[in-house]
Amino acid sequence: MRATRAVETLDEVDAGDHVCQLLDVTDDVMVRSRAFVADGALFGDKVLIVSPSAQVTTDAVALVLDPTRLEESLLAVVRREAASAESEGYRSVRVLHHVTGEADGGGAERLLRSELELEEFAADSGASVVCAYQRGNWDTALLDKLRCVHPHHLGSRPMPPSFQLYRAGKGGWTVKGIVDTEGAVAFGAILLTLLRQTTTVRLLCQTLDFFDAAGMSALADAARALPDRKIVLEGTNETVRLAWDLSGFADPSLPVVMTP
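The structure reproduced in this document is the subject of the present report.

Considering the nonpolar core
By size, the foremost hydrophobic cluster in this structure holds 60 residues, and its most contacted members are Tyr133, Leu165, Phe187, Leu203, Phe211 and Leu219. Setting aside its immediate chain neighbours within four residues, Tyr133 contacts Cys20, Gln21, Leu22, Leu23, Val99, Leu111, Glu115, Trp138, Leu143, Leu146 and His150. Counting residues in each nonpolar core, the second largest holds 13 residues, with Leu10, Phe36, Ile49 and Leu154 among its members.

Structure, rendered in C-alpha cells:
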C-alpha cells in the first residue's frame, strides 16, 4: 500500500513513488538528480529525462525528451515507453520530469492535470517519477497545489501540505490530512480537474481528519460546477459527516455522497 513520506535523497526513491523535488533557482537540476538517473542504470531501469534539451547533457543511459517539442501528451509518451520497457529488457521505468515554464503552455489547469496523470501512472504501473521544480520560477499558490498531488517529497518546506491527494489503486484517490482554509482552493482545483476526466471521483477518506467550512465549500462548489458528475467520499469519520450535515451541504441535489 502506498503511503506519503519525505525522502532525504533521491537514492531512497522506490517503485511507484511520485516525488516532488523542490530546488532553488540556482540549482542545476541534473546535478541534483544525478543519483536518480544513475540508479536507473544500476538497477536496470529505463530512464526518461523530460526537460528542455538545452538544459540537459545527453546521457547514454537515458532517453532525453524536450517537452516543448512533444507531438503528443507527456502521459502518452511515458506510457508508450513503459509498455516497451519489458520487451527491451528493462526492469521498470523511471522518469525525471524537470518542469519548466516553457512546458506549461496550457496554464495551471493543464499542469495540474499532467501531475495527476503522472501520479496515476506511477501508482498503476510501478514506475518511479520525480518532478523537479525550481521554486523561484513558480507562483507560490500554484506550487502549493502541485505539492498536494505528490505523495512523496524532497527539499520541500518544513511543513507539509495541509492535505495530500494521491492514487490508491485503480479504484480511487486517498485524501490525507485536513482540508482547511489554507488548502481549500487547491482541493477545489484538484477535484474539478478529476471531475473533468471521469464521471465519478472516488475519494478514500480513512486518513482525512477534517474539513473546515472553506474545505466543505470547495467540495460543494466543485460538485455544483459539474452536476452531471459525482463525488463519492468513502470512509469518512463521524465528525466529517456531522459537520457536512450541520453546515447544510447534505442536499440531495448536490452530487456528493459520504459514507462511513
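Describing the sheet that holds strand E2 (residues 18-23)
Read from one edge to the other, the open sheet built from seven strands follows the order E1-E7-E2-E6-E5-E3-E4, with strand pairing classed as parallel. The outermost strands of the open sheet, each flanked by one partner alone, are strand E1 (5-6) and strand E4 (62-65). For E2 and strand E7 (residues 152-154), the ladder comprises three bridges, and the chain directions are parallel. Counted as the bridge partner of Gln21 is Leu154 from E7. In the packing of helix H2 (residues 34-43) onto the sheet, contacts are made with strand E3 (46-50), strand E5 (93-98) and strand E6 (128-134), and the angle to E5 comes to roughly 165°. Packed on one face of the sheet, helix H4 (residues 107-125) meets E2, E5 and E6 and runs near 155° to E6.

As for the packing of aromatic side chains
Aromatic ring pairs are defined here through the distance separating the ring centres and the angle between the ring planes. Counted under the stated rule, the structure contains four aromatic pairs. Ring centres of Trp244 and Phe249 lie 5.0 Å apart, and the angle between their planes is 25°; this geometry places the pair in the stacked category. The residues Trp244 and Phe249 share a single accessibility class, namely buried. Taken together, the ring pairs connect Phe163, Phe187 and Phe211 into an aromatic cluster. Positioned over the ring face of Phe36 is Arg94, at 4.8 Å from the centre of the ring.

Rules used throughout
- Residues numbered from 1 in each chain as written.
- Predicted model: local features only at pLDDT ≥ 70, side-chain atom pairs only at ≥ 80, totals over all residues.
- Heavy atoms only, no water.
- Core = buried A, V, L, I, M, F, W, Y, C linked by side-chain atoms within 4.5 Å.
- Buried < 20%, exposed > 50% of the residue type's maximum accessible area, 1.4 Å probe, protein only.
- Contact = heavy atoms within 4.5 Å.
- Pairing = 2+ DSSP bridges.
- Helix = DSSP H or I, 4+ residues; strand = E, 2+ residues; numbered from the N terminus.
- Axes fitted to C-alpha atoms, helices over the stretch in contact; angles between N-to-C directions.
- Phe/Tyr/Trp six-rings, centres within 6.5 Å; stacked < 30°, edge-to-face > 60°.
- Lys NZ or Arg CZ within 6 Å of the ring centre and 35° of its normal.

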